[in-house]
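If you want the building blocks of each chain, they are given just below.
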Amino acid sequence: MEVTKAGKIADIPMYRLEDCVNGMPFFIGKIDGCDEEEIEHWGTPHRHNGFSIDILLKGTIRQAIDFKQYEVSAPAIMLMEPDQVHQHAMGDDVELINISFTPDFLVPEMQGVISCWHCIFNSGMVPLTDEQLDELLVYARLLKQEYESDKARKEAVLRNLLNAMVITIGRISEPSNAWLNGENSQYNMARQFKVLVDQHFHEKTQVSDYAEMLFVTPGHLNDTVKSLLGRNAKYVIDEKRTMEAKRLLYWGEHSVKQIAARLNFEDDAYFNRFFKKHTGLTPASFQKTTREKYN
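## Structural notes on the overall build of the protein chain
In terms of regular secondary structure, the protein chain is built from 13 helices and 10 strands. When burial is assessed residue by residue, the protein chain has 47% of its 295 residues classed as buried. Considering only residue pairs separated by 6 or more positions, the protein chain has 72% of its internal contacts joining residues 24 or more positions apart. If you sum the accessible surface of the protein chain, you get close to 14,700 Å²; carbon and sulfur atoms cover 49% of it.

## A look at the packing of helix 5 (residues 130–147) against helix 6 (residues 154–173)
Helix 6 packs onto helix 5 with a crossing angle of 165° between their chain directions and a minimal axis gap of 9 Å. Put simply, helix 5 runs roughly antiparallel to helix 6. Judged by the twist between their axes, the crossing of helix 5 over helix 6 is left-handed. Contacts between helix 5 and helix 6 involve Gln132, Glu135, Leu136, Tyr139, Ala140, Leu142, Leu143, Glu146 and Tyr147 from the first element and Lys154, Val157, Leu158, Leu161, Leu162, Ala164, Met165, Thr168, Ile169, Arg171 and Ile172 from the second.

## Some words on the environment of aspartate 83
Relative to the helices and strands, aspartate 83 resides in the loop between strand 7 (76–80) and strand 8 (86–90). Given the relative accessible area of 16%, aspartate 83 is considered buried. The spacing of aspartate 83 and histidine 48 is 35 residues in sequence and 5.7 Å in space, taken between C-alpha atoms. What aspartate 83 contacts, discounting residues up to four positions off in sequence, is Met14, Arg47, His48, Lys240 and Arg247.

## Side note on the pairing of strand 8
Burial along strand 8 is one-sided: His86, His88 and Met90 are buried, and none of Gln87 and Ala89, which face the opposite way, are. As defined by bridge partners, strand 5 (residues 60–65) adjoins strand 8 across five bridges and the pair is classed as antiparallel. Pairing of isoleucine 61 across the sheet is with methionine 90, part of strand 8.

## Focus: the sheet that holds strand 5
Spatial ordering of the open sheet is given by 6-5-8, a layout of three strands whose pairing is antiparallel. At either margin of the open sheet sits one strand with a lone partner, and together these are strand 6 (68–73) and strand 8. Put simply, the sheet's adjacent strands are angled 20° from each other on average, direction ignored. Relative to strand 6, strand 5 runs antiparallel, the two sharing six bridges. Bridging from a neighbouring strand, arginine 62 pairs with glutamate 71 of strand 6.

## Some words on the pattern of salt bridges
Per the stated rule, a full pass over the model turns up 11 salt bridges. For arginine 247, the salt bridge goes to aspartate 66, with nearest N and O atoms at 2.8 Å. Placement of arginine 247 in helix 10 (residues 233–251) and of aspartate 66 in the loop between strand 5 and strand 6 is noted, with a sequence separation of 181 residues between them. You'll find arginine 247 and aspartate 66 in the same group, each marked buried. Of the charged contacts in the structure, one is a salt bridge between glutamate 239 and arginine 231, with a shortest N-O distance of 3.6 Å. Here glutamate 239 falls in the partly exposed class, since its relative accessible area comes to 35%. Within the structure, one salt-bridge network assembled from shared partners comprises Arg47, Asp66, Glu244 and Arg247.

## Looking at helix 12 (residues 268–279)
In a regular helix each residue adds 1.5 Å, so 12 residues correspond to 16 Å; helix 12 covers 16 Å between its end C-alpha atoms and thus fits that length. When helix 12 is considered as a whole, its buried residues turn out to be Phe271, Phe274 and Phe275. For helix 12, the angular spread of buried residues about the axis comes to 95°, placing them on one side. Structural note: helix 12 exposes Arg273 and Lys277 on the side pointing more than 90 degrees away from its buried face. Following helix 12 by one or two positions, glycine 280 has its phi on the positive side, about 85°.

## Overview of the environment of lysine 194
Relative to the assigned elements, lysine 194 resides in helix 7 (residues 185–200). Lysine 194 sits 42 residues away from valine 236 along the chain, and the two C-alpha atoms are 8.0 Å apart.

## Points about the sheet that holds strand 9 (residues 95–101)
Here five strands make up an open sheet; going across it, the order is 2-9-4-7-10 and the pairing antiparallel. Two strands close off the open sheet at either side, each with one partner strand: strand 2 (26–32) and strand 10 (125–127). Within this sheet the neighbouring strands show an average axis-to-axis angle of 15°, counted without direction. The pairing of strand 2 with strand 9 spans seven bridges and is antiparallel. Bridge pairing links aspartate 32 to glutamate 95 in strand 9.

What counts and what doesn't
- By convention here, each chain's residues receive numbers from 1 onward along its written sequence.
- The model is predicted, so local features are restricted to residues of pLDDT at least 70 and side-chain atom pairs to those at 80 or more, both for listing and for counting; the totals for chains, interfaces and linings are taken over all residues.
- Hydrogens and waters are ignored; side-chain quantities use all the structure's heavy atoms.
- Secondary structure elements follow DSSP: runs of H or I no shorter than four residues count as helices, runs of E no shorter than two count as strands, and numbering proceeds from the N terminus.
- For every residue, the accessible area (1.4 Å probe, protein chains only) is compared with the maximum for its type, and the residue is labelled buried under 20%, exposed over 50%, or partly exposed between those bounds.
- It only takes one pair of heavy atoms within 4.5 Å for two residues to be counted as in contact.
- Per-residue and other accessible areas were derived by the Shrake-Rupley procedure at a 1.4 Å probe size, with only the shown protein chains allowed to occlude residues.
- An axis is simply a line fitted to the C-alpha atoms; with a helix, the fit covers only the stretch in contact. Between two such axes, the angle follows the N-to-C directions and lies from 0 to 180 degrees.
- When describing relative orientation, an angle under 35 degrees is termed roughly parallel and one over 145 degrees roughly antiparallel, while 65 to 115 degrees is termed roughly perpendicular and anything else oblique.
- In a left-handed crossing the near helix is turned counterclockwise from the far helix by less than a right angle, and in a right-handed crossing that turn is clockwise.
- Strands pair, by our definition, only if DSSP identifies at least two bridges between them.
- Within this document, salt bridges are pairs made up of a side-chain nitrogen of Lys or Arg and a carboxyl oxygen of Asp or Glu, the two lying within 4 Å of each other.
- Here the expected length of a helix is defined as 1.5 Å per residue gap, with one fewer gap than residues.
- Here the arc refers to the set of directions running from the helix axis out to each C-beta atom.

Encoded structure:
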């Protein structure tokens with residue numbers, strides 16, 4: 001990994017859960033204090049290909065997620081979606097439980113329960129009461145016990161325990177229950193569309209691209225997404241591309257031309273117009289103002 005003089009990284013490293021933990025799509029472990037090497041590792045901007053749940057048991061953590069700064073003290077949970085760029089600053093007194101899993105680890109089991117993963121995992125930092133902490137620790141202990149076992153159908157048990165834990169976290173992080181919806185074809189389509197956008201937004205930028213993959217007309221897809229999410233399908237695609245552009249501008253040392261090419265824009269002039277339309281700032285202005293604000 002190349003680090004520039006300004007402390008930014010030439011490219012944002014992606015840590016794949018399957019590559020780190022014996023090929024498993026799930027991990028649970030405990031951090032009980034950090035040595036200098038670990039502090040440096042966690043302090044380097046990076047991202048993961050999976051969801052992450054950190055239960056902070058002791059101490060305080062300063063964390064940056066997608067160019068926003070947070071400070072959280074125990075007890076609390078920290079939630080992250082795939083691809084979010086983050087770095088941690090933690091002392092040697094920090095104690096936390098980390099649970100990570102790939103996006104497809106729970107999808108079959110959760111489709112009938114959770115319609116809005118974003119609603120839960122975009123909550124960021126959520127303070128916990130002692131009662132809420134105790135409730136989550138029941139699941140964490142069962143997950144750790146099963147994860148470290150050699151029992152038959154281990155992965156199925158992990159999936160179902162994690163299923164219950166994520167629902168519990170949803171009740172804590174989003175008391176409005178925005179994440180909870182009944183099962184029907186419309187919700188299925190909206191979920192599948194969001195998953196496809198997350199996977200293909202670099203190269204597929206039109207509603208028609210996703211409508212073809214979902215075997216529906218662009219108009220039907222647009223109407224369905226808008227009725228459920230309050231934003232049309234094109235807005236969801238553009239929002240994903242804009243967020244990735246922001247991450248690259250803030251965290252990395254990429255030129256506007258490089259970012260435009262990476263996100264499949266015809267040229268940097270078109271990218272400039274697109275970015276200003278969605279943020280009110282040019283890419284260069286956004287980069288300057290956010291770095292001045294958060295550095």
